[in-house]
Amino acid sequence: FSLVNNFFSNIPEKAIPKIVFPEEPYISQSKFIWIKRDVKEGYFDIAFPTPSIKEEDAPLVDLLSVILGEGEASRLYLNVKRKKQLVNSVYTYAFTPIGPGMFLISGTTSPEKFKEALKEIFKEIEIIKNIPPSKEELERAKIQILSDFIYSQQTSEGLARTLGSFQLTRNNYKDILWYINKIKSATPEDISNVAKKYLDFNKCLAGFLSSKKPLEE
């Protein structure tokens, strides 16, 4: 504490400029974009608007992402890649910053398989909307998130980064406990509810980058 006071006590207080995010022009009908590039395989991204870290659903969206597409035990990996072999890779990512968030499904496949792959990905989304994950599946997702969360704080630098992140995004470093408790208390029904709420096909924007145009886009 004496070192902190010595080096930081004389820094003048300064108001942090408030950042005003522009209102997102969310689409009301799904849209597909094809970009032609000289690449060996096709790259796809499927995006849905989601909440910021300030909202109560943010930790639940993280759980949804793990169940759908993070790791080799996820649904998209098992069903779309391994079982049906429609993609070369597939993964999901829940981006929940201080501003508007985004749920992203990304991967690679050939243009010939893209349409069928997209169909199967949407099928998996529809399933989790209507049928809650099993308790075992949810528990695996919780363990994965919490273990990564704890592991990232094993060093002083990692802990400082986590505390600083919550202080800057939620105005309270103690909200690290809020996040942990939201993960621990989540139910299978919570996961289906956030899937219904945010994975809205009418607000879906899909993009495909390849040298050849996808068949029957």
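I will try to describe carefully the structure that is included in this document. Everything quoted here is computed from the prediction, not taken from an experiment. (Residues numbered from 1 in each chain as written. Predicted model: local features only at pLDDT ≥ 70, side-chain atom pairs only at ≥ 80, totals over all residues. Heavy atoms only, no water.)

## Examining helix α8 (residues 188-198)
Here is the rule: Each residue gets one of three labels from its accessible area relative to the maximum for its type: buried under 20%, exposed over 50%, partly exposed in between, using a 1.4 Å probe on protein chains only. Numbering goes from the N terminus for both helices and strands, where a helix is a DSSP run of H or I of at least four residues and a strand is a run of E of at least two. This arc is built from the directions going out from the helix axis to the C-beta atoms. Only heavy atoms enter the contact rule, under which two residues are in contact if any of them lie within 4.5 Å.
When we look at burial in α8, the residues that qualify are P188, I191, S192, V194, A195 and Y198. Along the axis of α8, the buried residues cluster in a sector spanning 165 degrees; they form a single face. In this structure, the buried side of α8 is in contact with β2 (42-50), α2 (58-69), α4 (111-130) and α5 (135-151).

## Quick word on the side chain of S106
So the rule is basically this: Pairing of N or O atoms within 3.5 Å defines a polar contact, subject to two protein rules: one partner must be a possible hydrogen donor and the other a possible acceptor, and residues neighboring in sequence count only if both atoms are side-chain atoms.
Residue position: S106 is located in strand β4 (residues 101-109). In this structure the side chain of S106 is engaged in a polar contact, spanning 2.3 Å, whose partner is the side chain of D45. Excluding its chain neighbours within four sequence positions, the residues that come into contact with S106 are F44, D45, S89, V90 and Y91.

## Details of α4
Selection rule: To estimate the expected span of a helix, subtract one from its residue number and multiply by 1.5 Å.
With 20 residues, α4 ought to run about 28 Å at 1.5 Å a step, and its terminal C-alpha atoms sit 30 Å apart, in line with that. All of the buried residues in α4 are P111, F114, A117, L118, E120, I121, E124, I125, I128 and K129.

## Looking at the environment of D200
Looking at the element boundaries, D200 is found in the loop between α8 and β5 (205-210). Separated by 151 residues in the primary sequence, D200 and P49 have C-alpha atoms spaced 8.6 Å apart. In contact with D200, not counting residues within four places along its chain, are F48 and K129.

## A few points about the pairing of strand β3 (residues 89-95)
So the rule is basically this: For two strands to be treated as a pair, DSSP must find at least two bridges joining them.
Of the two faces of β3, only one is covered, namely that formed by V90, T92 and A94; the face formed by S89, Y91, Y93 and F95 stays uncovered. Sheet analysis places β3 next to β4, joined by 7 bridges and oriented antiparallel. By the bridge assignment for β4, F95 is matched with M102. As consecutive antiparallel partners, β3 and β4 are separated by 5 residues.

## Things to note about a nonpolar patch on the surface
Inclusion rule: Any residue with relative accessible area above 30% and no salt bridge may belong to a patch, with like charges joined within 9 Å and the nonpolar Val, Leu, Ile, Met, Phe, Trp and Tyr side chains within 5 Å. Areas reported here follow the Shrake-Rupley algorithm with a probe of radius 1.4 Å; residue values treat only the protein chains shown as occluding. When a carboxyl oxygen of Asp or Glu lies within 4 Å of a side-chain nitrogen of Lys or Arg, that pair is called a salt bridge.
Where nonpolar side chains cluster on the molecular surface, the patch consists of L3, V4, F7, F8 and I11 and spans about 570 Å² of accessible area. Inspection of the secondary structure puts I11 in the loop between α1 (2-8) and β1 (31-36). For I11, a relative accessible area of 51% corresponds to the exposed category.

## Focus on the packing of aromatic side chains
Any two aromatic rings considered together are summarised by their centre-to-centre distance and by the angle between their planes. Applied cut-off: Note on ring pairs: Phe, Tyr and Trp rings are taken, using the six-membered ring of Trp, and paired if centres are within 6.5 Å. Classes follow the plane angle, with under 30 degrees stacked, over 60 edge-to-face and the rest tilted. By the criterion adopted, a ring carries a charge over it if an Arg CZ or a Lys NZ lies within 6 Å of its centre and within 35 degrees of its normal.
Across all of its chains, the model carries 10 aromatic pairs by this definition. Between F122 and F201, the aromatic rings sit 4.8 Å apart at their centres with planes inclined by 40 degrees, giving tilted as the arrangement. Of this pair, F122 sits in helix α4 while F201 sits in the loop between α8 and β5, and the two are 79 residues apart along the sequence. A cation sits over an aromatic face here: K129 above F201, 4.1 Å from the ring centre. Here R170 stacks its cationic end above the ring of W178, 3.5 Å away from the centre of that ring.

## Observations concerning the environment of E124
Along the polypeptide, E124 turns up in helix α4. The spatial distance from the C-alpha of E124 to the C-alpha of S156 is 40 Å, given a sequence separation of 32 residues. When near neighbours in sequence (up to four residues on either side) are disregarded, E124 contacts L68, R75, L76, N79 and V80.

## Quick word on unusual backbone geometry
Positive phi values are uncommon outside glycine, yet Q85 reaches one of about 50 degrees. One can find Q85 in the loop between α3 (75-83) and β3. Residue N171 is not a glycine yet carries a positive backbone phi of 65 degrees. Mapped onto the elements of the fold, N171 is located in the loop between α6 (156-170) and α7 (175-185).

## Quick notes on the sheet that holds β2
Spelled out, the test is: Every axis corresponds to a line fitted to the C-alpha atoms, with the helix fit spanning only the stretch in contact, and the corresponding angles, defined between N-to-C directions, vary from 0 to 180 degrees.
Taken together, 5 strands build an open sheet; the order of strands is β1-β5-β2-β4-β3 and the sheet is mixed. Each having just a single partner strand, β1 and β3 make up the two edges of the open sheet. Each strand of the sheet is rotated relative to its neighbour by a mean of 15 degrees, with strand direction disregarded. As judged from the 9 bridges shared by β2 and β4, these two strands associate in the antiparallel manner. Residue pairing in the sheet places P49 in a bridge with M102 of β4. Contacts between α2 and the sheet are confined to β2, β3 and β4, with β3 contributing the most and set at about 180 degrees to the helix. Against the sheet, α3 engages β3 and β4, with an angle of about 155 degrees to β3.

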